[in-house]
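If you want the building blocks of each chain, they are given just below.
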Amino acid sequence: MTIPVIIDCDPGHDDVFALWLAAGHPSLDLLAVTTVGGNVPLEHTTRNARIALSVAGVTDVPVAAGAAGPLVRPLQTAEWIHGENGLGGPELPEPTVPLDARTATELIADTLMGSVEPVAVIATGPITNVAILLRDRPDLAGRIREIVWMGGSTDRGNATPYAEFNALVDPEALDLVLRSGVRFTMVGLNVTHLALVTPAVRRQVAAVGNATAAFGDELFEFFCRTNDEVFGMPDGPLHDPVAVAVLADPGCVGLRRTRLDVELLGVETAGATSVDLDGMLGREPNAWVAVELDVERFWAGVAASVARLA
Ligand code: RIB
Ligand code: CA
């Protein structure tokens with residue numbers, strides 16, 4: 001029995017691998033893709049999502065553009081990691097996958113209403129689109145199986161000392177989603193920093209030998225270089241596909257039930273995710289948080305999924 005999923009993303013190098021893992025994995029049924037402003041502005045993230053699916057030969061999944069920026073804050077982007085167009089490195093082909101005329105909210109709503117089974121929503125960027133859907137269509141919350149989000153961290157950030165990028169860009173959206181009551185899983189930097197694109201991983205993916213793998217290796221080249229320049233991490237952490245792995249291969253990611261809150265008011269700490277793993281605050285647990293990753297199993301799943309693509 002496959003799990004129906006929607007991916008909401010801001011491609012971004014790692015978002016591309018999240019799309020490929022979802023599209024290629026036999027346990028998942030990718031029903032729709034929506035995009036948000038994040039790593040780069042919306043026009044680029046949307047074009048990049050279409051390119052990622054086009055390269056992989058995934059032509060039957062609708063792609064719709066969503067929010068250009070956060071609910072209330074100005075957009076912050078991350079060209080220093082992903083390049084000006086968001087997919088620095090390879091020559092980008094013209095996408096063959098069309099842009100759906102609907103907004104992200106309309107496509108998500110139609111997808112939820114059109115599915116017999118509740119649909120899992122995997123968000124790998126600022127969670128603005130999901131927040132807008134839950135704000136404007138609370139009647140559809142019951143049709144969402146769960147939300148799995150790459151973002152946040154149980155310890156330090158990567159965009160400010162205490163905030164991870166996706167959480168920093170739109171903390172109000174994260175707060176709204178946390179208050180919705182929909183089952184929520186956070187896949188933070190504490191785990192995604194284990195998903196390192198080492199030389200051995202690059203060889204493993206390149207050995208798949210298809211066009212998708214070749215394009216992916218050019219993405220790896222750029223992504224590892226910029227992560228080395230910015231963070232001193234020559235083996236770039238491939239954050240977003242770890243969120244997909246939570247559903248594709250549950251045994252691959254260890255989760256803990258805990259209390260999760262997000263800082264909205266802090267001058268220096270806005271976007272920080274407060275993960276009360278020791279129950280110090282005595283608040284009701286409201287989320288699952290990723291705390292472990294079976295790294296070898298994860299990369300085997302990524303390579304196997306890429307092998308099922310063009
Ligand atoms: O902090 C890492 C996250 O921010 C990833 O989703 C990356 O693609 C960027 O969106
Ligand atoms: Ca992302």
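Residues numbered from 1 in each chain as written. Chains lettered and ligands numbered in written order. Predicted model: local features only at pLDDT ≥ 70, side-chain atom pairs only at ≥ 80, totals over all residues. Heavy atoms only, no water.

The final tally for this structure, using the stated rule, is one cavity of 30 Å³ or more. In this structure, the largest cavity encloses a volume near 210 Å³. Taken together, 20 residues make up the lining of the largest cavity; nearest its centre are N39, H82, N158, F165 and H239. Counting only elements with at least two residues in the lining of the largest cavity, the list comes to α1 (13-24), α3 (79-82), α6 (165-169) and α10 (211-231). A breakdown of the residues in the lining of the largest cavity according to their chemical character gives eight nonpolar, seven polar and five charged. (1 Å grid on protein atoms, 1.4 Å probe; cavity = no way out; pocket = protein on both sides within 12 Å on 5 of 7 lines; lining within 4 Å. Points joined across faces, edges and corners; volume = space filled by probe spheres on them. Helix = DSSP H or I, 4+ residues; strand = E, 2+ residues; numbered from the N terminus. Nonpolar A, V, L, I, M, F, W, Y, C, P; charged D, E, K, R; others polar.)

Looking now at the side chain of D276. Inspection of the secondary structure puts D276 in the loop between β9 (273-275) and β10 (287-293). No salt bridge is formed by the buried D276; its nearest oppositely charged neighbour, R283, is found at 6.6 Å. Excluding anything up to four places from it in sequence, D276 contacts T258, R259, L281 and G282. (Buried < 20%, exposed > 50% of the residue type's maximum accessible area, 1.4 Å probe, protein only. Lys, Arg positive; Asp, Glu negative; His and termini not counted. Salt bridge = Lys/Arg side-chain N within 4 Å of Asp/Glu carboxyl O. Contact = heavy atoms within 4.5 Å.)

This next bit is on the site of ligand 1. Around ligand 1 sit D10, D14, D15, N39, T124, M150, N158, E164, F165, N166, H239 and D240, and that is every residue in its neighbourhood. Contact between ligand 1 and D10: an oxygen atom at 3.0 Å from a side-chain N or O atom of the residue. Relative to its free-state accessible area of 280 Å², ligand 1 is covered by the protein chains to the extent of 96%. Given that more than half its atoms are within 2 Å of the pocket grid, ligand 1 belongs to the largest cavity. (Near = heavy atom within 4 Å. Polar contact = N/O pair within 3.5 Å; in protein donor to acceptor, adjacent residues only side chain to side chain. Areas by Shrake-Rupley, 256 points an atom, 1.4 Å probe, with all protein chains shown as cover. Sits in = over half its atoms within 2 Å of the grid points.)

On to the coordination of the calcium ion (ligand 2), then. The protein atoms that coordinate the calcium ion (ligand 2) are D10 (OD), D15 (OD), D15 (OD), T124 (O) and D240 (OD), at distances of 2.1 to 2.6 Å. Of note, the donors binding the calcium ion (ligand 2) are all from one chain and are spaced D-x4-D-x108-T-x115-D. Of this pair, D10 sits in the loop between β1 (3-9) and α1 while T124 sits in the loop between β4 (119-123) and α5 (128-136), and the two are 114 residues apart along the sequence. Exposure remark for D10: the relative accessible area of 1% places this residue in the buried category. On the basis of relative accessible area, T124 is assigned to the buried category, the value being 1%. (Donors = N, O, S within 2.8 Å, 3.2 Å for Na, K, Ca; no water.)

All right, on to the sheet that holds strand β5 (residues 144-150) then. If you trace the eight strands from one edge of the open sheet to the other, you get β3-β2-β1-β4-β5-β6-β10-β7, paired in mixed fashion. Two strands lie at the open edges of the sheet, namely β3 (63-65) and β7 (253-258), each paired on one side alone. Sheet twist, expressed as the average angle between the axes of neighbouring strands with direction ignored, equals 25°. Pairing analysis gives four bridges linking β1 to β4, with the strands arranged parallel. Note that in β4 the partner of D8 across the bridge is A123. Sitting on the sheet, helix α4 (residues 104-114) touches β1, β2 (28-35), β3, β4 and β5, and the angle it makes with β2 is about 160°. (Pairing = 2+ DSSP bridges. Axes fitted to C-alpha atoms, helices over the stretch in contact; angles between N-to-C directions.)

Turning our eyes to something else, we now look at the nonpolar core. Counting residues in each nonpolar core, the largest one holds 61 residues, and the members touching the most others are W20, V33 and F298. Those residues in contact with W20 that sit more than four places away from it in its chain are A52, V55, A56, T212, F215, G216, L219, S305, V306 and L309. Within the second largest apolar cluster, 33 residues are counted, among which are A32, I127, W149 and L178. (Core = buried A, V, L, I, M, F, W, Y, C linked by side-chain atoms within 4.5 Å.)

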